[in-house]
There are 2 protein chains.
Amino acid sequence: MKVKNQMKANIIGAGSTTFSEHWHYGLREMISQACSSALKSANIGLKELDSVFVANCFAGTINGQNNINALCSDELGLQNCTAIGGGDAAGAYAIVQAANAIMSNQSKIALVIGVEKMSDMPITDITKIISEVTEQEYEASTGATLASLYAMITLKHMKMYGTTEKQLGMVSIKNHLNAAENEIAQFKFKIMMEDIAKSPMVADPIRLLHSAAPSDGCCALVMCNEEIAGKYKDKAQIAGTGIGADFMAVHEREDITAFNSVSSASKAAFAQAAQAGIKIQDISFAEVHDSFSIGEIISIEDIGFAKKGSGGKFIEEGNADLNGKLPINPSGGLKGCGHPFAATGIRQAIEVFYQLNNKAGKRQVKSPEYALTENISGTGATAVINIYKR
Amino acid sequence: MKVKNQMKANIIGAGSTTFSEHWHYGLREMISQACSSALKSANIGLKELDSVFVANCFAGTINGQNNINALCSDELGLQNCTAIGGGDAAGAYAIVQAANAIMSNQSKIALVIGVEKMSDMPITDITKIISEVTEQEYEASTGATLASLYAMITLKHMKMYGTTEKQLGMVSIKNHLNAAENEIAQFKFKIMMEDIAKSPMVADPIRLLHSAAPSDGCCALVMCNEEIAGKYKDKAQIAGTGIGADFMAVHEREDITAFNSVSSASKAAFAQAAQAGIKIQDISFAEVHDSFSIGEIISIEDIGFAKKGSGGKFIEEGNADLNGKLPINPSGGLKGCGHPFAATGIRQAIEVFYQLNNKAGKRQVKSPEYALTENISGTGATAVINIYKR
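Residues numbered from 1 in each chain as written. Chains lettered and ligands numbered in written order. Predicted model: local features only at pLDDT ≥ 70, side-chain atom pairs only at ≥ 80, totals over all residues. Heavy atoms only, no water.

**Details of the relation of the copies chain A and chain B**
No. 1: Placing chain A over chain B gives an RMSD of 0.0 Å and needs a rotation angle of 180°, together with 0.0 Å of translation along the axis. Taken together, the rotation and translation relating the two chain copies correspond to the operation of a two-fold axis. Among all residues of chain A, the one whose C-alpha sits closest to the rotation axis is A:Ser104, at a distance of 2.1 Å.
No. 2: Of the residues that chain A buries at the interface, 100% are likewise interface residues in chain B, meaning the two copies contact each other through the same surface. (Least-squares fit on C-alpha atoms with pLDDT ≥ 70 in both. Contact = heavy atoms within 4.5 Å.)

This is the structure in structure tokens:
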């Protein structure tokens, strides 16, 4: 049976805290702030919501608060709230689950939240903890960190495809340039190649300014079925979703320069989007997972935007710039915005909602019609790709 | 739009590890064992699955393995796997999400997993950690434990409704009696009232033998749409689901002897089940969340099986016994089986699958047609009720 058109899921509202070190706020305050803002933007009252999905990765580990959906229910006074995990891809997974609930008519209007509060920890602990999204027994327990694994991936990509330090740097420079125009971004300032070269080495060849910082943030979306969305001027419809996975541990992969999770997710998402006549060439811009600069380059390749190995060149030629042929991370990406793990996937969707409705201010992409978000976990263990249309 | 009949979700296979202290197995081995067994029971190959949902609560906190869906994908070699949280109710939430995926035609055959490995911890740590499903800022951080909160609930219920120690004890005795016939149960032995009275006091009036023990376990279900289920003899169809929430912290509730989350979830689930003509009087048996004995008594009341305050009497009169008018926890419940948090909700559904297909051996309920499962988190912060028919 084909899913009826009227059951398609749409975004009709969005809100967010700033991404920052929110020492004065707990999880509750951040949830409250982002959700109020999202509901206001959709002109929807709490009582009109019939489901809530909350994405989170570390509330148990960092904040001692397991049962995050119970906390959301309590804070918002709502009944039907489900917690979605998935490491740093949790946000995009939550959007897929909300879409399923809407398409199965179990929900008419859903609130989708991504929240993470990571700053209540010394930086040494946080490095260990974020590495728990990699394989614990084979990788993390041996002392491998997320950055060290990405360093190996980066070196191999440089060796195999001639990807250069300059190209890696240009990813960060572009994303900071875009973030400078994004009011929620934690790192709203431009950087130059010299800043990167002077920034501390994290895991050779990855420097601080090639890396997305852990952050505190909460993002929220209001999603609804086609019938309700019909009454809204500003909206974004989900045209396809895809979830992919690879070997979790980097050493088990045949080719560590490829994210097989991303190519699988891309294939699955575009197979769905094809039903609406959308092809990869139609995508106007994309938000991708640049937790480290090499991540953006590999993502560009494995989503299918550029030939394998040419992601660095794609960046260098300016194609991914805000005025390029396929703007990548107009929001500023994880690098510019900061990376509160489970909030990131929702933030990407918020950017899509703003851009497709021409509400992105100075970082507005020119007349976008179709958009793609790519949210991955760990070193590419899993990936979720969502495709949107106006 | 009414959801078409052909899109209903069904269980067609089930498998489980035993519930135990599995010192020799990691998360991977437990997942592999339960899933192999579930797939075999449905005679389904891995390649026929198009989605996987995994419920988990503590892998990040206890096992240092965040990103549990990536671990499942890796271990099973599957692409489309989503992680569902929800404290000790996570298992039932995962079933709801799989049902939504099937009903929205995003999945035809889904594997639903609940896994928890809790024994790799000293008992003092585990007490602190399981208390993280209560409210961290208001309850857990003050030193309140799950047992101490349930103790207050128990005392108040005794005072308000005359619930007796004998009635509380009879819950445990009945559930151990049933568990003695359940091969996956961790506590496969009968107990007597004297055993309870002699068991250590945990939090007055709760003794060890009123309490479900943390456990290691993995359970898996194969779920599919109506078309595929049509080819199967053994199956259980989901006729209604409901998710409810209450104030998370016990002190915020107007009446601490009631689980408002349970009454909300029950109302929502029966509203759906009514579409199939199912009323509460039609339920043949139920699996409820007896993490502490009082939990079963309050659940019986707030699901709607007995008048408020009469849950203890309901037990004392033998109504909940295996041969009573409404058998409760024929599996042995959380008390008899052990309570590997996120696996419990899946275990309840497995019991329903066995019972409705007359495959429950010596603990078989007589000719059941309709069943209900109730899975709650913390002290009743959230609850999920699923209603099944043959």
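**Structural notes on the nonpolar core**
Generally speaking, a soluble globular protein has its nonpolar side chains buried in company with each other.
No. 1: Core analysis: the biggest nonpolar cluster contains 88 residues, and A:Leu221, A:Met223, B:Leu221 and B:Met223 have the highest contact counts within it.
No. 2: With residues near it in sequence (within four places) discarded, A:Met223 still touches A:Ala9, A:Asn10, A:Ile11, A:Ile95, A:Ala98, A:Ala99, A:Ile102, A:Lys108, A:Ile109, A:Ala110, A:Val112 and A:Ile238. (Core = buried A, V, L, I, M, F, W, Y, C linked by side-chain atoms within 4.5 Å. Buried < 20%, exposed > 50% of the residue type's maximum accessible area, 1.4 Å probe, protein only.)

**Examining the side chain of B:Lys117**
Residue and element names in this part refer to chain B.
No. 1: Mapping Lys117 onto the fold places it in strand E4 (residues 109-117).
No. 2: Under the relative-accessibility criterion, Lys117 is labelled buried at 3%.
No. 3: A distance of 2.8 Å separates a polar side-chain atom of Lys117 from the backbone oxygen of His22.
No. 4: At 3.2 Å, the side chain of Lys117 forms a polar contact with the backbone oxygen of Tyr25.
No. 5: Residues in contact with Lys117, not counting those within four places in the same chain, are His22, Trp23, Tyr25, Gly26, Leu27, Met30, Ile62, Asn63 and Asp216. (Helix = DSSP H or I, 4+ residues; strand = E, 2+ residues; numbered from the N terminus. Polar contact = N/O pair within 3.5 Å; in protein donor to acceptor, adjacent residues only side chain to side chain.)

**Observations concerning the packing of helix H4 (residues 90-103) of chain A against helix H14 (residues 341-356) of chain A**
All names here are of chain A.
No. 1: The contact between H4 and H14 brings their axes to 5 Å, and the two run at 60°. One way to sum up the angle between H4 and H14 is to call them oblique. Note on element contacts: H14 touches H4 through Ala342, Gly345, Ile346 and Ala349, opposite Ala90, Gly91, Ala92 and Ile95.
No. 2: Considered class by class, the residues forming the contact of H4 with H14 number 6 nonpolar, 2 polar and no charged. (Axes fitted to C-alpha atoms, helices over the stretch in contact; angles between N-to-C directions. Parallel < 35°, antiparallel > 145°, perpendicular 65-115°, else oblique. Nonpolar A, V, L, I, M, F, W, Y, C, P; charged D, E, K, R; others polar.)

**Observations regarding the environment of A:Phe19**
All names here are of chain A.
No. 1: Mapped onto the fold, Phe19 is located in the loop between strand E1 (10-16) and helix H1 (27-42).
No. 2: For Phe19, a relative accessible area of 2% gives the class buried.
No. 3: Spatially, the C-alpha atom of Phe19 lies 17 Å from that of Val288, the residues being 269 residues apart in sequence.

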